[in-house]
Amino acid sequence: QLQLVESGGGVVQPGVALRLSCAASGRTFSSFAMGWFRQYPRKERIFVASISRNGTITHYLDSVKGRFTISRDNAKNTVSLQMNSLTPEDTGVYYCAADILRFSGGSRPADYTYWGQGTQVTVSG
């Protein structure tokens, strides 16, 4: 089992930045590609970003490219999502997730085995 705990969500105004973090425990963190997903109420989770096991390969949802940056620290068992220039469309519950099969991480929720409990991000103002 891999336990994932997100933090860093909140209510912010458009244009500001927010940094989400996800702390992992229970298994060897570097064995997993990691991803971030966003979910709106009553909607499916959508892919936001992924990072490979060693941190060298990243992928992003088109609408966040150039604004969001995913990174990981395998020594500290953490993955982060730096979100800049936030817009109301970035609002949602953000989940970090672990992909045990793919080196660079998949883009579908079904690709991920372990999930955190989510952290709410609300961009309003």
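Reference entry: report on the structure contained in this document. Only a predicted model underlies this, so the values are computations on that prediction, with no experimental measurement involved.

Let us look at the packing of aromatic side chains. Considering all chains together, one arrives at 6 aromatic pairs under this definition. Taking the centre distance of 5.9 Å and the plane angle of 80 degrees together, the rings of F32 and Y114 count as edge-to-face. Highlighted residues: F32 in the loop between β3 (18-25) and β4 (33-39) and Y114 in strand β10 (residues 114-115), separated in sequence by 82 residues. In terms of burial, F32 and Y114 fall into one category: buried.

Before going further, it helps to examine the state of the cysteines. A complete count under the given rule lists 1 disulfide for this structure. Two residues, C22 and C96, share a disulfide whose sulfurs are 1.9 Å apart. Of the two residues, C22 sits in strand β3 while C96 sits in strand β9 (residues 92-99), which places them 74 residues apart along the sequence. Residue C96 is classed as buried on the basis of its relative accessible area, which comes to 0%.

What counts and what doesn't
Residues numbered from 1 in each chain as written. Predicted model: local features only at pLDDT ≥ 70, side-chain atom pairs only at ≥ 80, totals over all residues. Heavy atoms only, no water. Phe/Tyr/Trp six-rings, centres within 6.5 Å; stacked < 30°, edge-to-face > 60°. Helix = DSSP H or I, 4+ residues; strand = E, 2+ residues; numbered from the N terminus. Buried < 20%, exposed > 50% of the residue type's maximum accessible area, 1.4 Å probe, protein only. Disulfide = S-S within 2.5 Å.

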